[in-house]
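Read off the chains here:
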Amino acid sequence: MLTLIANAKINLYLEIIGNRPDGFHELVMVMQSVSLADHITLKPLKTPTIQLNCNHPQVPVDQTNLACRAVALLQKRCPNRTNCKGGVEITIDKKIPVGAGLAGGSANAAATLFGLDVLWNLGLTRTELQDIGAELGSDVPFCLAGGCAIATGRGEEVDPIAQSPKLSVVLAKYASLSVSTVWAYQTYRQQFEHTYRPVVQPTSDAVNLDERRSRLHSGPMVKALGHHRATDIAAHLFNDLEKVVLPAHPQVAHLKQVMTAASHLGQAGSGLGTLMSGSGPTVFTLAETPAQAEQIVHNIRQQISDPDLQLHTAQFTTQGIELKN
Ligand code: C5P
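Residues numbered from 1 in each chain as written. Predicted model: local features only at pLDDT ≥ 70, side-chain atom pairs only at ≥ 80, totals over all residues. Heavy atoms only, no water.

### Some thoughts on the sheet that holds strand β9 (residues 273-276)
In any sheet, the strands associate via hydrogen bonds between backbone groups, in a parallel or an antiparallel arrangement. The criterion, for reference: We call two strands paired when DSSP finds no fewer than two bridges between them. Strands are runs of DSSP state E lasting at least two residues, helices are runs of H or I lasting at least four, and both sets are numbered from the N terminus onward. Angles shown run from 0 to 180 degrees and are taken between the N-to-C directions of axes, each axis being a line fitted to C-alpha atoms and, for helices, limited to the stretch in contact.
Ordered in space as β9-β10-β7-β11, the four strands form an open sheet in which the pairing is antiparallel. Whereas interior strands pair on both sides, the edge strands pair on one side only; in this sheet they are β9 and β11 (309-315). Direction aside, the axes of adjacent strands within the sheet are offset by 20° on average. Note: strand β7 (residues 168-174) against strand β10 (residues 283-287), five bridges, orientation antiparallel. Residue Ser-168 lies in a different strand from β10, and its bridge partner there is Ala-287.

Written out as structure tokens, the structure reads:
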């Protein structure tokens, strides 16, 4: 039996470049793992079945769950190595909010791939696992890599940023509100397609992507991360999807306002910056220390007493998936 810690992610930067030939969007993102995590236990079964248990009522426990699909895809992609291994029972202890823009489902799939590689002694490389993960979802390769990274393409091309600082973060989400990622991107396309860069020819695509990547690599967000300049990181937080999610959900727009104000109340320099993560509706505020993050939680609670609002504090982590002792 094996238990893994599957960390959530936040997007410090999310820019939508344009349409891709595969129907997805070309993205330029900076992703960061945070210590709000699900615990995934994998138990080998003698029979070749995939079973799943989860303590959260909104998580599907049938074969549509991304963790179950991860097992099936691993078996399909590596038939010779997996056909004598039997099945697996997956138990997810859910702490990452569902439908939140925190890659909870992707982190579960990443942990399942990582864990089965260990449990079944498959000997897959990180690149091979990420390649399988990319077929499951755009965020799965980052969840396997973890830490801080630039993610381009659909989000599945991951370039690690070595030196990000260990900041704290407050994560806020209304429990009863979820945003569909498909809806967020479709709505963005409807409203902003006229601003998209023209679809590039396949031959010049690689050059263009390299240029975009290098622009971000040498850009202010990555410089701020490399130099551990927390205020500069906060100054360059950006998410294009706020443009569609915040107007559609005034409650989330209000939450962002409250969090921005709450981070400037009381203690000098207590909050750094506030942004929606991914396709939302989670909003996060960065802080220099865990104590400052707790102070911000207290300040938010003074403004919004609604018990539906879930508040968590977490830290930046250097890993996406960890083995639990
Ligand atoms: O890859 P993932 O399953 O997380 O994507 C969910 C949906 O989000 C896609 O079906 C697509 O509608 C949208 N998406 C997109 N462009 C991306 C990533 C996701 O349009 N780069």
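### What to know about the site of the ligand
Rule in force here: If even one non-hydrogen atom of a residue comes within 4 Å of a molecule or strand, that residue is called near it. Between N or O atoms, a polar contact is any pair within 3.5 Å; within protein, one atom must be a potential hydrogen donor and the other a potential acceptor, and residues adjacent in sequence are included only when both atoms are from side chains. Using a 1.4 Å probe, accessible areas were evaluated by the Shrake-Rupley method; residue-level cover was limited to the displayed protein chains. Buried and open spaces are told apart on a 1 Å grid over the protein atoms alone, a cavity being a set of points where a 1.4 Å probe fits but cannot get out and a pocket being an open set with protein on both sides within 12 Å along at least five of seven lines. Residues with an atom within 4 Å of a point are the lining residues. Cavities and pockets are treated as containing a molecule whenever more than half of the molecule's atoms lie within 2 Å of their grid points. Note that Gly is not counted as nonpolar here; it falls among the polar residues with everything else outside the nonpolar set of Ala, Val, Leu, Ile, Met, Phe, Trp, Tyr, Cys and Pro and the charged set of Asp, Glu, Lys and Arg. Domain ranges listed in this record stem from an automatic or a database domain assignment.
Near the ligand the following residues occur: Phe-24, His-25, Leu-27, Gly-137, Ser-138, Arg-154, Thr-181, Val-182 and Tyr-185. A distance of 2.8 Å is found between a nitrogen atom of the ligand and a backbone nitrogen or oxygen belonging to His-25. In this structure, Arg-154 approaches the ligand through a main-chain N or O atom, which is 2.9 Å from a nitrogen atom. If the ligand stood free it would expose 450 Å²; the protein chains cover 76% of that surface. Placement of the ligand is best described as lying within the largest pocket. Of all the secondary-structure elements, those providing two or more residues to the shell around the ligand are β2 (25-45) and α6 (181-192). Per-element tally for the shell around the ligand: the top contributor is α6, with three residues. Considered class by class, the residues forming the shell around the ligand number four nonpolar, four polar and one charged. The residue makeup of the shell around the ligand includes at least three contributed by each of domain 1 (2-164) and domain 2 (168-315).

### Section: unusual backbone geometry
For clarity, the threshold we go by: For the exposure calls, accessible area comes from a 1.4 Å probe over protein chains only, and a residue counts as buried if that area is under 20% of its type's maximum, exposed if over 50%, partly exposed in between.
With an omega of 5°, the peptide bond between Gly-280 and Pro-281 qualifies as cis. Locating Pro-281 in the fold gives a position in the loop between β9 and β10. We note that Ala-103 has phi near 60°; this positive angle belongs to a residue other than glycine. Relative to the helices and strands, Ala-103 resides in the loop between β4 (87-93) and α3 (104-119). When its relative accessible area of 11% is taken as the criterion, Ala-103 is described as buried. Positive phi values are uncommon outside glycine, yet Asn-121 reaches one of about 55°.

### Quick look at the packing of aromatic side chains
Threshold: Two aromatic rings from Phe, Tyr or Trp, using only the six-membered ring of Trp, form a pair when their centres are within 6.5 Å; if the ring planes differ by under 30 degrees the pair is stacked, by over 60 it is edge-to-face, and anything between is tilted.
One pass over the structure, following the stated rule, counts three aromatic pairs. Taken together, a centroid distance of 5.5 Å and an interplanar angle of 40° make the contact between Tyr-13 and Phe-238 tilted. One end of the pair, Tyr-13, is in strand β1 (residues 2-19); the other, Phe-238, is in strand β8 (residues 238-239), and 225 residues separate them in sequence. The exposure class assigned to Tyr-13 is buried, which follows from its relative accessible area of 16%. What makes Phe-238 partly exposed here is its relative accessible area of 31%. Ring centres of Tyr-188 and Tyr-196 lie 6.2 Å apart, and the angle between their planes is 15°; this geometry places the pair in the stacked category.

### Quick notes on the nonpolar core
Heads up, the condition is: Here, nonpolar core refers to any group of buried Ala, Val, Leu, Ile, Met, Phe, Trp, Tyr and Cys residues whose side-chain atoms link them within 4.5 Å. Here, residues are in contact when the closest pair of their heavy atoms is within 4.5 Å.
Judged by nonpolar contacts, the single largest core of 70 residues is most densely connected at Ile-10, Leu-12, Val-30, Ile-90 and Leu-286. With eight residues, β1 is the single largest residue contributor to this core. Residue assignment places this core across two domains, with domain 1 (2-164) and domain 2 (168-315) each supplying three or more. Look past the residues within four positions of Ile-90 in its chain and what remains in contact with it is Ile-40, Thr-41, Leu-42, Ile-50, Gln-51, Leu-52, Asn-53, Ala-67, Cys-68, Val-71 and Thr-112. Core analysis: the next-biggest nonpolar cluster, separate from the first, contains 39 residues, Val-158, Val-245, Val-252 and Ile-300 among them.

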